[in-house]
Amino acid sequence: MPKIQGYVRKMSHKGISPVSYFWETANYNEADKKDLTAKESTSENPVESWIGKKITLSTNDEIRCLHCGKKTKKSFSQGYCFTCFTNLAENDLCILRPETCHFHKGTCREPDWGQTNCFKKHTVYFANSSGLKVGITKENPVSNRWVDQGAKYGIPILEVTSRRDAGILEHYLSQFLPDKTTWQKMVAGDPPDMDLVKEANKFLNHLEKNEFLSPPNTRTKLVWNRLDLSVGVTTINYPIETYPEKIKSLKLTKETPITDTLVGIKGQYLLFRTGVINIRSLSGLWIEVST
């Protein structure tokens, strides 16, 4: 395997049975300090081709903002400098909690961005990654989101016309079931079996007995469309040779490179024999991968 060097962007993926992963990096013209245009590249060979091999991850601790390319001593919101973290709409609190959307108040950080990204069809789904959870996504296919989360099973349950509406319904359902994945359980093995269709029907029937307003504290009724559950549950298979012997998060720094045998990939996690590492959490960090 040739060395891969660059500032980490993410692991992209395609397919679901099995999922195939690709390492995405960005590099910059170090000779021109004013040119912060990223030269992005994707690994030619899929990351799963490393499984069964001892690989080394090392870093010089340099971090660049995923948006503006400037060097930053600390990464905010998984890959941004402080300025981009505080100014970009994609980093506003309402992205994590879409039910708090304030677009209608005229206070969106970037109204054009919000109109393009938030006011479009969103799907509310149920997934089983470490147990039953509810989530939302604008991705098409929805399975892209499930793969990122390491879900083994998933089913879309309803559609709405905005991220805010999806967030309102997700927030309501999160009173009864989790909206987050327990990563320790997710990387330890397959989740327990459950009937997602049965659970979806139960909660959809419950939603139909309630009325929701969007924006909140107005008289505008939130309209949502129930999806046909007869399409069935999607099953996702990840490239995993075996699960880690120890369930612990590995920390990568200049002083602590990681050398271990890769045994699998699930979600955005590399699974090693002695622990795991979340590649998404390393976004913007300069890394070299070698065997």
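The structure reproduced in this document is the subject of the present report. Because the structure is predicted, anything quoted here is derived from the model rather than measured.

A word on the packing of helix α5 (residues 163-173) against helix α7 (residues 196-208)
Helices that pack against each other are described as a pair by the angle of their axes relative to one another and the distance between those axes.
Then, number 1: Their axes nearest at 12 Å, the elements α5 and α7 cross at an angle of 110°. Viewed along their axes, α5 and α7 adopt a mutual orientation that is roughly perpendicular. Crossing geometry of α5 relative to α7 is assigned as right-handed. Along its contact with α5, which presents Leu169, Tyr172 and Leu173, the element α7 presents Phe203, His206 and Leu207.
Then, number 2: Tallied by class, residues from the contact of α5 with α7 come to five nonpolar, one polar and no charged.

Digging into the nonpolar core
Then, number 1: Core analysis: the largest hydrophobic core is formed by 33 residues, its most contacted members being Trp23, Leu57, Leu270, Phe272, Ile277 and Ile287.
Then, number 2: Among residues more than four places away in sequence, those in contact with Leu57 are Leu252, Pro257, Ile258, Leu270, Phe272, Ile277, Ile287, Glu288 and Val289.
Then, number 3: Val160, Leu169, Phe203 and Leu222 belong to the second largest nonpolar core, which has 24 residues in total.

Some points on the side chain of Glu24
Then, number 1: Relative to the assigned elements, Glu24 resides in strand β2 (residues 20-27).
Then, number 2: No salt bridge is formed by the buried Glu24, whose closest oppositely charged neighbour, Lys10, lies at an N-O distance of 4.6 Å.
Then, number 3: For Glu24, the residues in contact, after removing those within four places along its chain, are Tyr7, Val8, Arg9, Lys10, Ser12, Ser41 and Thr42.

Observations concerning the layout of surface pockets
Then, number 1: Each pocket or cavity is described by its volume, and for the largest pocket that value is around 2100 Å³.
Then, number 2: Looking at the lining of the largest pocket, the elements that each hand over two or more residues are β1 (4-14), α2 (93-96), α3 (111-118), β5 (122-128), β6 (132-137), α4 (143-149), α5 and α6 (183-186).
Then, number 3: With five residues, the top contributor of residues to the lining of the largest pocket is β1.
Then, number 4: Inspection of the lining of the largest pocket shows a minimum of three residues originating in each of domain 1 (4-84 + 238-290) and domain 2 (120-235).
Then, number 5: In this structure, the second largest pocket occupies an estimated 350 Å³ of space.
Then, number 6: Taken together, 17 residues form the lining of the second largest pocket, with Lys251, Leu252, Ser281, Leu282 and Leu285 sitting closest to its centre.
Then, number 7: At the level of secondary structure, the elements contributing two or more residues to the lining of the second largest pocket comprise β4 (54-63) and β12 (275-278).

Let's talk about empty space enclosed by the protein
Then, number 1: Under the definition given, this model contains one cavity of 30 Å³ or more.
Then, number 2: Estimated volume of the largest cavity: approximately 150 Å³.
Then, number 3: What lines the largest cavity is a set of 16 residues, among which Cys94, Cys101, Phe103, Cys108 and Cys118 lie closest to the centre.
Then, number 4: For the lining of the largest cavity, the secondary-structure elements that each account for two or more residues are α2, α3 and α5.
Then, number 5: No other element matches the three residues that α3 contributes to the lining of the largest cavity.

Reading the values: rules and limits
- Numbers given for residues are sequential positions, taken from 1 along each chain in its written order.
- Given that this is a predicted model, residues contribute local features only at a pLDDT of at least 70 and side-chain atom pairs are listed and counted only at 80 or more, while totals for whole chains, interfaces and linings are drawn from all residues.
- Hydrogens and waters are ignored; side-chain quantities use all the structure's heavy atoms.
- Orientation is described by lines fitted to C-alpha atoms, with helices fitted over the stretch in contact, and by angles between N-to-C directions that extend from 0 to 180 degrees.
- Secondary structure is summarised from DSSP: a helix means a run of H or I of at least four residues, a strand means a run of E of at least two, and numbering begins at the N terminus for each.
- Oblique is the label for every angle not falling under 35 degrees (roughly parallel), over 145 degrees (roughly antiparallel), or within 65 to 115 degrees (roughly perpendicular).
- Here a crossing is called left-handed whenever its near helix is offset anticlockwise from the far helix by less than a right angle, and right-handed whenever the offset is clockwise.
- In what follows, a contact means two residues having at least one pair of non-hydrogen atoms within 4.5 Å.
- Throughout this entry, Asp, Glu, Lys and Arg are counted as charged residues, while Ala, Val, Leu, Ile, Met, Phe, Trp, Tyr, Cys and Pro are counted as nonpolar. The remaining residues, Gly among them, count as polar.
- To qualify as a nonpolar core, a set must consist of buried Ala, Val, Leu, Ile, Met, Phe, Trp, Tyr and Cys residues joined through side-chain atoms within 4.5 Å.
- Each residue is placed in one exposure class: buried if its accessible area under a 1.4 Å probe, protein chains only, is under 20% of its type's maximum, exposed if it is over 50%, and partly exposed if it falls in between.
- Counted as positive: Lys and Arg. Counted as negative: Asp and Glu. His and the chain ends are not counted at all.
- Counted as salt bridges are all cases of a side-chain nitrogen of Lys or Arg within 4 Å of a carboxyl oxygen of Asp or Glu.
- Using protein atoms alone on a 1 Å grid, points that fit a 1.4 Å probe yet trap it form a cavity, whereas open point sets bounded by protein on both sides within 12 Å along at least five of seven lines form a pocket; residues with an atom within 4 Å of a point count as lining.
- Grid points are joined across faces, edges and corners, and a volume is the space filled by probe spheres set on the points.
- Residue ranges assigned to the domains are those given by an automatic or database domain assignment.

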